[in-house]
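What the coordinates show
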Amino acid sequence: GAGVSQSPRYKVAKRGQDVALRCDPISGHVSLFWYQQALGQGPEFLTYFQNEAQLDKSGLPSDRFFAERPEGSVSTLKIQRTQQEDSAVYLCASTTPRDRVYTGELFFGEGSRLTVL
Amino acid sequence: GENVEQHPSTLSVQEGDSAVIKCTYSDSASNYFPWYKQELGKRPQLIIDIRSNVGEKKDQRIAVTLNKTAKHFSLHITETQPEDSAVYFCAASRYGGATNKLIFGTGTLLAVQP
């Protein structure tokens, strides 16, 4: 596609509900990142995929957070038993087409805004 | 791990004035320093970046400087325009590392007054 697409754009969940956030990266991009952006803060790293392999999940805040990219393209971030502190914008970014050198630039989606009541 | 601090958190300037945003980083192995601009409700977008083998880089009205010894880098915007109003984030990473993950600063809200 032309850019990174995320859905849903807005999600309201009751505390304790499970949510799933989807990311469609730019076609052919090898690398995919998830970031969490709280209101008024910078994006905080959650996890990184290279193709289907999750190479770094050091930023996931708890075992309630789980991410996958089974076919090396679309990725899903799942949050179980949501808590109020999970309220944030979840940003997905992709980079590096196959057979190309990483340039440094991350291409972000517009994010999924999660509000937990 | 890497920690990036950014100042100021808010900056208001008159149109035509210059704006400077400063960041410090903690990991001496970091070697790639991009700046992202995020307009309200929009996605962050790269505006300029610098690697540790250079001290300064310019692109029209924006420039970035890097002091590796002091672990400081700064964004300079000259002749500011209302459309420069946005939140600016600095970031640092180990380019060529295992993940190339970016660690972001907390952001600077720049308001350019017409």
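To be clear, the structure that these remarks concern was listed above.
Residues numbered from 1 in each chain as written. Chains lettered and ligands numbered in written order. Predicted model: local features only at pLDDT ≥ 70, side-chain atom pairs only at ≥ 80, totals over all residues. Heavy atoms only, no water.

Turning our attention to the pattern of salt bridges. Scanning all chains against the criterion turns up 10 salt bridges over all chains. As a salt-bridge pair, A:Asp24 and A:Arg22 come within 2.7 Å of each other at their nearest N and O atoms. Across the salt bridge formed by B:Asp27 and B:Arg94, the nearest N and O atoms sit 3.0 Å from each other. One end of the pair, B:Asp27, is in the loop between strand E3 (19–25) and strand E4 (32–38); the other, B:Arg94, is in the loop between strand E9 (86–92) and strand E10 (103–104), and 67 residues separate them in sequence. Through salt bridges with shared partners, a single network forms among A:Arg9, A:Glu110 and B:Arg43. (Salt bridge = Lys/Arg side-chain N within 4 Å of Asp/Glu carboxyl O. Helix = DSSP H or I, 4+ residues; strand = E, 2+ residues; numbered from the N terminus.)

With that settled, the discussion passes to the interface of chain A and chain B. If you look at the interface, chain A gives 24 residues, while chain B gives 20 residues. For the pair chain A and chain B, the summed buried surface comes to about 1800 Å²; carbon and sulfur atoms form 52% of the total. Per-residue buried area on chain A facing chain B is highest for A:Tyr102, A:Phe108 and A:Glu110; these three make up 30% of the total on that side. In this structure, the salt-bridge partner of A:Asp56 is B:Lys101, at a minimum N-O distance of 3.3 Å. (Contact = heavy atoms within 4.5 Å. Buried area = accessible area lost by both parts, 1.4 Å probe.)

Moving on to the sheet that holds strand E1 (residues 4–7) of chain B. As a general point, the strands of a sheet are linked pairwise by backbone hydrogen bonds and lie either parallel or antiparallel. Residues and elements named next belong to chain B. If you trace the five strands from one edge of the open sheet to the other, you get E1-E3-E8-E7-E6, paired in antiparallel fashion. Taken across any chain shown, the strands that pair with only one partner, and hence form the sheet edges, are E1 and strand E6 (56–59). In this sheet, adjacent strand axes meet at a mean angle of 15 degrees when their direction is disregarded. As paired elements, strand E7 (residues 62–67) and strand E8 (residues 72–77) share six bridges and run antiparallel to each other. Its bridge partner being in E8, Thr-65 is matched across the sheet by Ser-74. (Pairing = 2+ DSSP bridges. Axes fitted to C-alpha atoms, helices over the stretch in contact; angles between N-to-C directions.)

Take the state of the cysteines next. This structure, assessed with the given rule, holds two disulfides over all chains. One disulfide bridge connects A:Cys23 with A:Cys92, the sulfur atoms lying 1.9 Å from each other. Where A:Cys23 bonds to A:Cys92 through sulfur, the torsion about that S-S bond is close to -65 degrees, and the disulfide is left-handed. In this pair, A:Cys23 is assigned in strand E3 (residues 19–24) and A:Cys92 in strand E9 (residues 88–97), connecting sequence segments 69 residues apart. With respect to class, A:Cys23 is no different from A:Cys92; both count as buried. With a sulfur-sulfur separation of 1.9 Å, B:Cys23 is cross-linked through a disulfide to B:Cys90. Taking the torsion about the S-S bond as the criterion, the B:Cys23 to B:Cys90 disulfide, at about -100 degrees, is left-handed. Placement of the pair is B:Cys23 in strand E3 and B:Cys90 in strand E9, with a sequence separation of 67 residues. B:Cys90 matches B:Cys23 in its accessibility class, with the two residues each being buried. (Disulfide = S-S within 2.5 Å. Buried < 20%, exposed > 50% of the residue type's maximum accessible area, 1.4 Å probe, protein only.)

Here the structure, examined in full by the defined rule, presents 15 aromatic pairs over all chains. Look at A:Phe33 and A:Tyr48: their rings are 4.7 Å apart centre to centre, the planes differ by 40 degrees, and that puts the pair in the tilted class. Pair noted here: A:Phe33 is in strand E4 (residues 29–37) and A:Tyr48 is in strand E5 (residues 44–50), with a separation of 15 residues, a long-range link. Of the two residues, A:Phe33 and A:Tyr48, neither departs from the other in class, the shared state being buried. Among the aromatic residues, those joined into a ring-pair cluster are A:Phe33, A:Tyr35, A:Phe45, A:Tyr48, A:Phe108, B:Tyr36, B:Phe89 and B:Phe104. (Phe/Tyr/Trp six-rings, centres within 6.5 Å; stacked < 30°, edge-to-face > 60°.)

Before going further, it helps to examine the side chain of A:Ser31. Residue and element names in this part refer to chain A. Topologically, Ser-31 is positioned in strand E4. Judged by its relative accessible area of 7%, Ser-31 falls in the buried class. At 3.3 Å, the side chain of Ser-31 forms a polar contact with the side chain of Tyr-48. With near-sequence residues (within four places) excluded, Ser-31 lies in contact with Tyr-48, Phe-49, Arg-69, Ala-93, Ser-94, Thr-95 and Thr-96. (Polar contact = N/O pair within 3.5 Å; in protein donor to acceptor, adjacent residues only side chain to side chain.)

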